[in-house]
Structures are given as C-alpha cells and as structure tokens.
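So the chains spell out like this:
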Amino acid sequence: MILLAVSLHWQAFSSLAEAAYDEAAQQADEPDTYCLSSVFSPIVEKLLATTGRADGNLNNLRSAAYEALMELIKNSPKDCYEVVKRTTEIILERLQTILQMESQVNSSSDRVQFNDLQSLLCATLQSVLKKVTGEDALQISDLIMQALLQMLHSSGNSGSTSQTSSGGVQEDAMLAISALIEKLGAHFVKYMGAFKPILIQSLNNSADYQVCFVAVNCVGDLCRGLGLQMREHVNDLMPILLKILGDDKVDRTVKPGVLSVFGDIALAIGPEFAVYLPIAVSTLEQASNVTAPKGDYDMIDYVNELRENCLEAYTGIVQGLKGENGSQSNVELLIPHAQKVVSFIEVVSADVERTDGVTCAACGLIGDLAMAFGAQAIPMSEKESITALLTAGRRSKNSKTKTLAVWATKELRKLKPAS
C-alpha cells in the first residue's frame with residue numbers, strides 16, 4: 001500500500017507538469033512561462049531533497065523522485081531555465097560524489113544499489129542536458145565527460161556478477177554522452193581521443209546487446225555532431241559495424257540501426273564515402289533480401305524495421321555522395337546499383353504488411369533519387385508500383401509521410417518533358 005502511494009504521488013507531479021506545459025505550448029512551441037513557474041523552484045528543491053534521503057532506496061522512493069524531477073525538467077518553460085541550469089550542476093556534483101564512493105562498495109547488494117544510483121543520475125543528467133543551451137553545456141562538458149568516462153571504465157571492469165546491472169550503467173552513461181554530443185556538436189571532437197576506445201569496446205560487446213545497441217546509435221549521433229571531422233574515425237568504425245551485421249551472436253535488434261548508420265556516415269563525410277560504397281551497397285542489398293514467413297508477426301516487424309533502415313541508409317548515401325549544392329559529386333558511382341535500389345522499392349511497394357515508417361522512408365528515397373539522377377530517373381517514375389507507393393504516402397495520416405510523398409511526386413513530375 002505504501003509503495004502504491006509513493007508511486008501515485010510522484011506520478012501526480014509528472015502528470016501535472018506535462019499538463020501545464022501542454023496547455024502553455026498551445027500558444028508557443030517553447031512557452032515563456034506556465035502556471036507552475038512560481039512554484040517550479042521549490043518543487044525541484046523538494047524533489048532533490050527527497051532523492052537524497054537516507055531511506056530513499058525503500059519502496060522505490062528515490063527512483064520515483066528522480067523520475068518526477070526528469071519529467072518536471074522536460075516540461076519546463078523558458079522562465080525556469082536558471083533552475084534547470086542549476087539542477088544540471090547539482091546532478092553533476094552528485095555524480096562526481098558517488099564515483100568517489102566506489103571504493104566503499106563491498107557486497108553484491110551494495111554494488112546493485114551503487115549501479116542503480118549511477119543509472120538514475122545518468123538518466124537525470126541526460127534529461128537536463130536536453131534543456132540547457134549548447135553554450136552552457138560547453139562550460140561544464142569537461143567535468144561531465146570526466147565523470148561519464150570514469151563511470152564507463154569502472155562499470156566495464158567492476159567484476160560484478162550481475163552483467164545486466166553493470167551493463168545498465170554503461171548503457172545510461174552512453175545515452176548521457178549522446179545527449180552531450182547533441183548539445184556540443186563539432187565541439188565534442190576534443191573528447192574523441194578518450195571516448196573512441198570505449199565506444200569501440202561497447203560496439204564489440206555482443207554479450208550485452210543493449211550496450212551495443214546504444215553504442216551503434218552513438219555513432220550516428222557522432223556523425224551528425226562532428227560532420228566531416230568523422231572521416232578520421234570511420235576507418236576504425238566501419239569494420240566493426242560490418243562485423244556486427246555478420247555476427248550471429250549479436251542480437252538481431254541491433255542490426256537495423258547499423259544499416260541506418262551507413263547513411264549517417266555518408267551524410268557526415270559526403271563524397272568521400274565513395275571508398276566505402278561497394279561494401280555498404282553490398283551489405284544493404286543482402287539485408288533488403290530478407291523476408292518474413294506469412295503469419296510470423298515478430299519476423300514481419302523485424303523485416304519492416306530492417307527495410308526502413310535500409311531505405312534511410314540509401315537516402316543518406318545518395319545525399320552524401322551528391323555533396324553540398326552538387327559540388328564535387330560522386331553520386332554517379334551509384335548508377336550501377338540504381339536498378340537494384342529501385343527493384344527494392346518495388347518489393348516494398350508490393351508488401352501489404354509494410355508499416356507507415358517504411359512508406360515514409362521509401363517516398364523520401366524516391367524524391368532523392370529523382371533529384372540526384374535527373375532524367376535518368378524517368379523510367380522509375382513510369383513504374384506503377386512507384387506510383388502506387390507515392391499515392392499511399394499522400395493518403396497517409398502521418399504528416400511527415402504525406403509531406404515526403406507530395407514532394408517526391410513533384411520531383412518526379414519535373415523530370416517529364418512538357419507535352
């Protein structure tokens with residue numbers, strides 16, 4: 001009964017914060033203020049005090065308080081920013097303090113509680129980082145990375161008998177680093193020397209697929225953040241990504257994300273991706289041939305995810321090879337593979353089990369192919385399967401899918417000579 005009361009109490013905070021923000025957001029995407037602004041600071045103070053209580057491990061009290069704090073920060077308006085910034089500093093201070101206490105961990109139960117607290121602090125840090133500005137994040141990024149790197153090192157070598165427990169810490173620390181990459185962008189490059197060995201270790205961690213999964217996503221975040229600066233790291237990362245795809249021991253949920261990362265790498269390094277094109281296209285062709293038996297719904301879901309990521313990878317490769325404003329383009333290197341790509345889109349079009357996400361990704365790729373290849377893409381525009389797919393996209397209830405389908409349709413129409 002006490003557990004239920006604690007859970008409901010903090011859920012009420014979360015629901016209240018979300019409702020207040022949603023109401024204010026009707027006037028602006030990021031509201032200047034909302035009805036909780038006057039009490040925002042004292043609520044945060046009380047939640048922080050609750051997370052520090054000596055009996056916080058009882059009845060999930062500490063966990064519930066941190067979750068409520070995360071929700072409150074997530075749904076905070078502009079006039080609460082100073083409190084959010086101060087909360088970021090407090091969480092960082094707590095993270096530094098808890099790491100200094102690791103030598104005091106003696107028993108397996110102590111280790112579990114220690115890891116749980118690290119995970120909570122990482123999750124909260126991730127939440128507050130999403131609200132602070134890049135400039136403010138840069139001011140404390142050295143301390144953040146120092147703490148997170150220490151956590152990743154210690155959790156990877158803790159000797160804990162609970163792989164899931166230590167793996168959870170690594171996963172949460174990696175997610176916090178991804179949030180920092182998003183904020184710092186190109187400025188994150190100064191941490192690559194220290195971070196890349198840990199990233200590579202996590203990518204090779206087939207025993208804990210969740211850590212590997214987060215590491216794969218982190219590569220995508222790095223591509224978006226570092227841009228062309230990723231080129232000096234791709235030679236080290238591509239072989240590992242290919243190894244993941246070919247390793248039967250790796251959980252299959254990790255593999256679709258790897259395919260999508262090929263597109264992220266291409267977008268980051270642009271026409272220089274040409275050197276990796278043959279192996280990337282060969283891998284995507286193999287993945288696009290995977291099918292699901294009728295009635296096997298788990299496999300159908302997996303194939304849809306695989307195809308969506310293949311389509312997104314092709315889109316990234318087309319855009320990357322094309323280069324900015326078409327300068328120094330290597331997109332012509334895709335011409336020998338274009339027919340297989342179009343055939344794959346036709347297979348997708350004929351699949352009655354395809355998801356809206358697959359339709360969306362296919363429509364986007366069709367538009368990019370039309371832009372990249374111009375008149376050479378006219379035969380594609382004349383295929384009934386392509387037309388049917390675009391029609392389905394324009395009728396989608398998803399605004400993104402509809403927008404991409406309308407855009408791709410217009411791009412194809414531009415290719416046809418006026419009658």
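Residues numbered from 1 in each chain as written. Predicted model: local features only at pLDDT ≥ 70, side-chain atom pairs only at ≥ 80, totals over all residues. Heavy atoms only, no water.

**Student:** Explain the overall build of the protein chain here, please?
**Tutor:** On a plain count of helices and strands, the protein chain comes out with 18 helices and 0 strands. Rg of the C-alpha trace for the protein chain: 24 Å, near the compact-globule value of 22 Å for 419 residues, within the 12% margin. If one aligns the C-alpha atoms of the protein chain with their principal axes, the spans along those axes are about 75 × 50 × 45 Å. By the burial criterion, 51% of the 419 residues in the protein chain qualify as buried. (Helix = DSSP H or I, 4+ residues; strand = E, 2+ residues; numbered from the N terminus. Rg over C-alpha atoms; globule rule 2.2 N^0.38 Å. Buried < 20%, exposed > 50% of the residue type's maximum accessible area, 1.4 Å probe, protein only.)

**Student:** Is there a simple way to explain the pattern of salt bridges in this structure?
**Tutor:** A side chain of one charge can pair with a side chain of the opposite charge when the charged atoms of the two come close. Evaluation of the coordinates by the stated rule reveals 13 salt bridges. A salt bridge links R231 to E272; its shortest N-O distance comes to 2.9 Å. Taken together, the residues R231 in helix α10 (residues 231–246) and E272 in the loop between α11 (255–269) and α12 (277–288) connect sequence positions 41 residues apart. According to the relative accessible area criterion, R231 is partly exposed, its value standing at 43%. Several salt bridges converge on common partners, so that one network encompasses R86, E89 and E93. (Salt bridge = Lys/Arg side-chain N within 4 Å of Asp/Glu carboxyl O.)

**Student:** Mind showing me how you'd approach the environment of C122 here?
**Tutor:** Mapped onto the elements, C122 comes out in helix α5 (residues 108–129). A sequence separation of 48 residues divides C122 from Q170, and the C-alpha atoms of the two residues are 9.7 Å apart. Not counting residues within four places of it along the chain, the set of residues in contact with C122 comprises L148, M151, D172, A173 and A176. (Contact = heavy atoms within 4.5 Å.)

**Student:** For this particular structure, what's the right way to read α12?
**Tutor:** Since the α-helix turns once every 3.6 residues, residues separated by three or four places project in the same direction. The first and last C-alpha atoms of α12 sit 16 Å apart over 12 residues, in line with the 16 Å expected at 1.5 Å per residue. Within α12, burial applies to L277, A280, V281, T283, L284, E285, A287 and S288. (Expected span 1.5 Å × (residues − 1).)

**Student:** What exactly am I supposed to notice about the packing of helix α8 (residues 192–203) against α10 here?
**Tutor:** Each pair of packed helices can be summarised by the angle the axes make with each other and by the distance between the axes. Remark: α8 packs on α10, axes separated minimally by 10 Å, with the N-to-C direction vectors making an angle of 10 degrees. By the angle class used here, α8 and α10 are roughly parallel. Taken together, the residues of α10 that come into contact with α8 (itself represented by M192, K196, L199, I200 and L203) are E232, H233, D236, L237, I240, L241 and I244. The class makeup of the residues in the contact of α8 with α10 is 8 nonpolar, 1 polar and 3 charged. (Axes fitted to C-alpha atoms, helices over the stretch in contact; angles between N-to-C directions. Parallel < 35°, antiparallel > 145°, perpendicular 65-115°, else oblique. Nonpolar A, V, L, I, M, F, W, Y, C, P; charged D, E, K, R; others polar.)

**Student:** Would you mind going over the confidence of the model for the protein chain with me for this structure?
**Tutor:** If pLDDT is low for a region, its predicted coordinates should not be looked at in detail. The predicted model of the protein chain averages 89 in pLDDT, with 94% of residues at 70 or higher. Here residues 1–5 is a poorly scored stretch, pLDDT under 50, and it has 3 contacts once near neighbours within four places are set aside; other chains count. Every residue in residues 158–164 is under pLDDT 50, and counting partners more than four places away or in other chains gives 6 contacts. (pLDDT = per-residue confidence, 0-100.)

**Student:** Even after reading the chapter, I still don't get the nonpolar core, so can you show me in this structure?
**Tutor:** Inside soluble globular proteins, nonpolar side chains tend to come together where they are buried. Ranked by internal contacts, the top residues of the largest apolar core, which has 132 residues, are F188, F195, L203, F262 and F273. Considering every element that reaches this core, the biggest residue donor is helix α13 (residues 297–322), with 11 residues. Contact partners of L203, with chain neighbours within four places excluded, come to C212, A215, V216, V219, L237, I240, L241 and I244. (Core = buried A, V, L, I, M, F, W, Y, C linked by side-chain atoms within 4.5 Å.)

**Student:** Which parts of the structure should I look at to understand the packing of α11 against α13?
**Tutor:** Running from N to C, α11 and α13 point in directions that differ by 10 degrees, and their axes come no closer than 7 Å. In terms of axis orientation, α11 runs roughly parallel to α13. Contacts between α11 and α13 involve K255, P256, G257, L259, S260, F262, G263, A266 and L267 from the first element and Y302, E305, L306, N309, C310, E312, A313, G316, I317, Q319 and G320 from the second. For the contact of α11 with α13, the per-class residue count stands at 10 nonpolar, 7 polar and 3 charged.

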